[in-house]
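# Architecture and fold: a report
Below, each chain spelled out in residue letters.
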Amino acid sequence: MLGTQRKERIDGLAESGGDTTAGVSLAASAWRRLRRSPTFLVGAGIICAFVLLALVSPMLAQHDPALRLLEEQVSRADNEIPAPQPGFPLGGDQYGRPLLSRVLLGSQQTLLVALLATVIGLGGGLTLGILAGAFGGWVDTLVMRVVDVMLSVPSLLLAVSIGALFQQQSQFTVIIAVATVQIPIFGRLLRGTMLAQRASDHVLAARALGVRQRSIVFRHMLPNALGPVIVQATLMLAVAIIDAAALSFLGLGAADTSTPEWGQMLGSAQNFFDTHPHLAFWPAGCIIVVALGFTLVGESMRDALDPKKRR
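Residues numbered from 1 in each chain as written. Predicted model: local features only at pLDDT ≥ 70, side-chain atom pairs only at ≥ 80, totals over all residues. Heavy atoms only, no water.

A grouping of L112, L116 and I120 is seen on the molecular surface, where their side chains present a nonpolar patch of about 240 Å² in accessible area. Relative to the elements of secondary structure, L116 occurs in helix α4 (residues 99–135). (Patch = residues over 30% accessible without salt bridge, like charges linked within 9 Å, V, L, I, M, F, W, Y side chains within 5 Å. Areas by Shrake-Rupley, 256 points an atom, 1.4 Å probe, with all protein chains shown as cover. Salt bridge = Lys/Arg side-chain N within 4 Å of Asp/Glu carboxyl O. Helix = DSSP H or I, 4+ residues; strand = E, 2+ residues; numbered from the N terminus.)

Structure follows, in structure tokens:
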């Protein structure tokens, strides 16, 4: 009897092409594929290294990034930049400040700006998406018209315009500008997934049983609609890093350069691209690598959570 049942299971497995994920949830199946994805592992490794660097950078930095310890080596006549030397592996910047310490501690500001901007943008997008997807009708029309207007403007141009509205630029204004650009993206995505959930069987069954609208939205529709939004949030972290660096490069970031930030450092080095390219190479390289890490993880999660690609 048991042998016959085992044989039937083996035959059924063979007929399904060896699919061992039958009966496995989408999340479990996605995690199984992510663990075997070289792209995900590389991206996750970059992100972990970046977060770890941001956390331990105060211990790794040998000098205060605001102190002009090499100022005596700076000649304003020929724009001499302090070269690498004992105690200063990367030398100094145009003001004689230790470059290595500024690169290390700049990771903290970059991580802070990207996380806060994405969280604020995600919160605003969730609000708009829930309103449009849950209620529909004139609420959906009004919200989507606002979203369409915001999406009609190129994201970087919109961020620059918002940042320029503030009389005094700071890291807070950069966060607000980048977050505002992300709100319509999250809102439109969540609205689409919410509308798909409205026509699902479990939502229709809940309505037939007389479940309140609030419970239907927050217990049945929203949890099942958050998957694509979470993946998009990972991708938007990369965009937030690049946009924040672009605003700081254009002079719309913090005016105080004593607190290092990679985009700000890149903007300060633009006058030395020809003679001392290393001043721009280190912050630019860090921005590219970190943005690449978040992009690799986001793309891998998107592929893994796609039901059409389940094996």
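The terminal C-alpha atoms of α4, which comprises 37 residues, lie 53 Å apart, in line with the 54 Å expected from a rise of 1.5 Å per residue. Directly after α4, the chain includes G136, whose backbone phi takes a positive value near 65°. (Expected span 1.5 Å × (residues − 1).)

A side chain with one charge can pair with a side chain of the opposite charge if their charged atoms come near. Applying the stated rule across the entire model yields six salt bridges. A salt bridge links D148 to R145, with the nearest nitrogen and oxygen atoms 2.8 Å apart. Taken together, the positions of D148 and R145, both in helix α5 (residues 137–151) and three residues apart, correspond to about one turn of that helix. A residue is classified by how much of its surface remains accessible, and D148, at 26% relative accessible area, is partly exposed. Each of D93, R97 and R102 takes part in salt bridges that share partners, so that together they form one network. (Buried < 20%, exposed > 50% of the residue type's maximum accessible area, 1.4 Å probe, protein only.)

A few words on helix α6 (residues 155–164). Residues of α6 that are buried include every one of L158, A159, I162 and G163, and no others. The buried residues of α6 occupy an angular sector of 130° when projected down its axis, which confines them to one face. Of the surrounding elements, those touching the buried residues of α6 are α5, α7 (171–198) and α9 (213–249). (Arc of directions from axis to C-beta. Contact = heavy atoms within 4.5 Å.)

Looking now at the packing of helix α3 (residues 38–60) against helix α11 (residues 278–304). Two numbers describe how α3 lies on α11: the axes approach to 8 Å, and their chain directions differ by 135°. The angle between the axes of α3 and α11 places the two elements in the oblique class. Remark: the crossing between α3 and α11 carries left-handed chirality. Every residue of α11 that contacts α3 at T39, F40, V42, G43, A44, I46, I47 and F50 is listed here: V289, V290, G293, F294, L296, V297 and S300. Of the residues belonging to the contact of α3 with α11, the class tally is eleven nonpolar, four polar and no charged. (Axes fitted to C-alpha atoms, helices over the stretch in contact; angles between N-to-C directions. Parallel < 35°, antiparallel > 145°, perpendicular 65-115°, else oblique. Left-handed = near helix turned anticlockwise from the far one by under 90°. Nonpolar A, V, L, I, M, F, W, Y, C, P; charged D, E, K, R; others polar.)

Counting through the fold element by element, G227 comes out in helix α9. Sequence spacing of G227 and L305 is 78 residues, and the spatial spacing of their C-alpha atoms is 7.7 Å.

Under the definition given, this model contains two aromatic pairs. Seen in terms of ring centroids, F281 and W282 are 5.3 Å apart; in terms of plane orientation they differ by 75°. Their pairing is edge-to-face. With a relative accessible area of 34%, W282 lands in the partly exposed category. (Phe/Tyr/Trp six-rings, centres within 6.5 Å; stacked < 30°, edge-to-face > 60°.)

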